[in-house]
Amino acid sequence: MAPNDSEETNGGNTTAGRRKAARYIVPVAVAGVAAATIGLVPALASTGDPDLPEITAQQLIEKIAASDTQQLSGTVKISTDLGIPSLGGLAGSFAPGGSHGDTGGDKGDSTADPQTKMTELASGTHTLRVAGDGPDKQRVSILENAAEYSLIRNGDQVWAYDSRTNQAYHATEDGSGKESGHSTRAPEGVPTTPKALAEQVLKAAGPTTSVTVDGTAQVAGRDAYKLLIKPRQSGSTIGSVTVAVDAKNGVPLKFTLLPSSGGKAVVDAGFTQVDFAKPAASSFTFSPPKGAEVTEADDAKAPQKTDGAGGLGMFPGAEGLGAGGRGSKDTKVIGEGWNAIAEIRTPGGTGLPTKSSGDVPAEAQQFLDSLGDKVSGKFGSGTVFKTRLVNALMTDDGKVYVGAVTPDALVKAADNAA
């Protein structure tokens, strides 16, 4: 008999450079949030409903937390529909440490830099090969048309390679995941394992969240329970999150995020094939091919920290979005739970640059125009940037209101704060 659990569980410098960076905080936040959400790896199609012993939501959450699976390999397919233009090369323009072209350009720019490449997962459909053997050995490869991008970590050595441009990126970690101030893991705030992602979502759950078991499924040939997470509040752009959890080892296998507005999933990510045997040691070794251009972390441009914006800021319990966290003097959180809105004061108190300002890259301006709608109210006027998941209002006096809520909710929050 498939479980039908009705039990609910409650989880838990004002320099010119910084001012200019702040102008792009909204699109960076949107892309970062998307990338982080995508990271909630795993599984595509489900077939059949296996007959499994009944389990409560609390027991299933505990099963995830207790999972000690350290080894796996497989193929993951990720489809993301945020309702924004394909980020492709544009992702590199916005991403911390990114470049404005396909082949690098300025010293320190590299198409192999993880901070640039991983943001591309924020839109479209991608196929990944993944492998892991404990906390110090991981590999993620993004398969592209006649090309492949790989990010490999083996102990304190981190390599990334873009076969399309024959560029490589190398760093040596100091034990904290950083080299000379540069992140050598996936972009900050983006969990890199299914377990880490599921745990973040569950950690964010609180009194405003309903968590139940919603039957069973078979994912990548594995029997799984389905954990259903839904807001109790109205007004959120998030309708529900479903995580398929391996019935045997507690590893999350599938992640699906549906919008409250209906339609297809915003994110449908998961394993199409998975194996929990120890991966071959060769999976985690890498030597740059002959003629490859290698960028060392010491030579790379320091990435600009995006804090919570690149994480799971749209979920309840997030410590803040964009510049600064919940305790930052530049940020405060309005409301709670799924309807929480971060109010952020941009450095220098400046709003978006205009088309005539001349300091906006053409690709960036196209991106902004495709998302923005002018709005006004007691607060004055501003621009609302919309996606199917995260919406943001940037006022002309330099405040940003962002959250997984409707545009009307953002305008209301700005009016109340005026």
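Every chain is numbered on its own, with residues counted from 1 as its sequence reads. Predicted model: local features are reported for residues with pLDDT of at least 70 only, side-chain atom pairs are reported and counted for 80 or more only, and whole-chain, interface and lining totals are derived from all residues. To obtain the side-chain values, all non-hydrogen atoms of the structure were included, while hydrogens and water were left out.

### Focus: the overall build of the protein chain
Using the following cut-off: Strands are runs of DSSP state E lasting at least two residues, helices are runs of H or I lasting at least four, and both sets are numbered from the N terminus onward. Note on areas: these come from Shrake-Rupley sampling with a 1.4 Å probe, and a residue is covered only by the protein chains present in the view.
Looking only at helices and strands, the protein chain has eight helices and 20 strands in total. Carbon together with sulfur atoms contributes 48% to the accessible area of the protein chain, which is approximately 17,500 Å² in total.

### Here we look at the sheet that holds strand β17 (residues 372-377)
Condition: What makes two strands pair is DSSP finding at least two bridges between them. For helices, the fitted axis covers only the stretch in contact; all axes are lines through C-alpha atoms, and the angles between them, taken along N-to-C directions, range from 0 to 180 degrees.
With respect to topology, six strands assemble into an open sheet ordered β15-β16-β20-β19-β18-β17, the strand pairing being antiparallel. Each edge of the open sheet carries a strand with a single partner, namely β15 (331-334) and β17. On average, each strand axis in the sheet is inclined to that of its neighbour by 25 degrees, with strand direction left out of account. Inspection of the sheet shows strand β16 (residues 341-345) paired to strand β20 (residues 399-403) by four bridges, in the antiparallel sense. Bridge pairing in β20 places Ile344 opposite Val400.

### Topic: the sheet that holds strand β5 (residues 157-162)
Two pairing modes exist for strands in a sheet, parallel and antiparallel, and in both the strands are linked by backbone hydrogen bonds. Taking strand neighbours across the sheet as the criterion, the twelve strands line up as β9-β10-β11-β12-β13-β1-β2-β3-β4-β5-β6-β14 in an open arrangement whose pairing is mixed. Edge positions in the sheet fall to β9 (209-219) and β14 (293-296), since each of these pairs with one other strand and no more. Strand-to-strand twist in this sheet, taken as the mean axis angle between neighbours without regard to direction, amounts to 15 degrees. Relative to strand β10 (residues 222-231), β9 runs antiparallel, the two being bridged by nine bridges. Of the residues in β10, the one forming a bridge with Val219 is Arg222.

### Some words on the packing of aromatic side chains
Put simply, the rule is: Two rings belonging to Phe, Tyr or Trp (six-membered ring only in the last case) form a pair when the distance between their centres is within 6.5 Å. Interplanar angles under 30 degrees mark stacking, angles over 60 mark edge-to-face geometry, and anything in between is tilted. The rule is simple: take the accessible area with a 1.4 Å probe, protein chains only, and divide by the maximum for that residue type; under 20% is buried, over 50% is exposed, in between is partly exposed.
Enumeration according to the criterion identifies two aromatic pairs in this entry. Between Tyr161 and Phe286, the ring centres sit 5.6 Å apart and the planes meet at 40 degrees, which makes this aromatic pair tilted. Of this pair, Tyr161 sits in strand β5 while Phe286 sits in the loop between β13 (267-275) and β14, and the two are 125 residues apart along the sequence. Of the residues examined, Tyr161 reaches a relative accessible area of 14% and is grouped as buried. When its relative accessible area of 21% is taken as the criterion, Phe286 is described as partly exposed. Taken together, Trp159, Tyr161 and Phe286 form an aromatic cluster joined through their ring pairs.

### Looking at the side chain of Thr256
Going by this rule: Working rule for contacts: check all heavy atoms of both residues, and any pair within 4.5 Å makes them a contact.
Structurally, Thr256 can be placed in strand β12 (residues 252-259). According to the relative accessible area criterion, Thr256 is buried, its value standing at 15%. Those residues in contact with Thr256 that lie beyond four places of it in its chain are Ser240, Val241, Thr242, Ala265, Val267 and Asp268.

### Some points on the environment of Thr209
With respect to the helices and strands, Thr209 occurs in strand β9. In the structure, Thr209 is positioned 23 residues away from Arg232 in sequence and 5.3 Å away in space, judged by C-alpha atoms.

### Points about unusual backbone geometry
Positive phi is not limited to glycine here, since Asn166 has a value of about 55 degrees. Structurally, Asn166 is set in the loop between β5 and β6 (167-172). Of the residues examined, Asn166 reaches a relative accessible area of 23% and is grouped as partly exposed. Not every positive phi belongs to a glycine, and Ala220 is a case in point at roughly 50 degrees. Considering the arrangement of structural elements, one finds Ala220 in the loop between β9 and β10.

### Comments concerning the pattern of salt bridges
How we decide: Salt bridges are defined as contacts in which a side-chain nitrogen from Lys or Arg sits within 4 Å of a carboxyl oxygen from Asp or Glu.
Under the counting rule described, the total for this entry stands at ten salt bridges. Between Glu173 and Arg153 there is a salt bridge; the shortest N-O distance is 3.5 Å. Placement of Glu173 in the loop between β6 and β7 (178-179) and of Arg153 in strand β4 (residues 147-154) is noted, with a sequence separation of 20 residues between them. The same class applies to Glu173 as to Arg153, namely buried. Across the pair Lys386 and Asp373 runs a salt bridge whose closest N-O atoms are separated by 2.6 Å. In this pair, Lys386 sits in the loop between β18 (380-385) and β19 (391-395) while Asp373 sits in strand β17, placing the two residues 13 residues apart along the sequence. Among the ionic contacts, a cluster of salt bridges with common partners joins Asp81, Lys264 and Arg388.

### Some thoughts on helix α3 (residues 57-66)
Inclusion rule: Of all possible arcs, the one meant is that of the directions from the helix axis to the C-beta atoms.
Of the positions making up α3, those classed as buried are Ala57, Leu60, Ile61 and Ile64. Buried positions in α3, seen along its axis, are confined to an arc of 100 degrees and lie on one side of it.

### Some remarks on the confidence of the model for the protein chain
Here is the rule: Looking at any residue, its pLDDT shows the predictor's confidence there, from 0 to 100.
Per-residue confidence for the protein chain averages 74 on the pLDDT scale, and 63% of its residues sit at or above 70. Within the model, pLDDT remains below 50 along residues 11-46, and this stretch shows 119 contacts once partners closer than five positions in the same chain are excluded. Contacts of residues 317-327 to residues separated by more than four positions or lying in other chains number 34 contacts, the stretch itself having pLDDT below 50.

### Structural notes on the side chain of Thr387
Condition: Any N or O atom pair separated by 3.5 Å or less is treated as a polar contact, with the protein-specific requirement of one donor-capable and one acceptor-capable atom, and with residues adjacent in sequence counted only for side-chain atom pairs.
Here Thr387 shows up in the loop between β18 and β19. A distance of 2.8 Å separates a polar atom in the side chain of Thr387 from the backbone oxygen of Val390.

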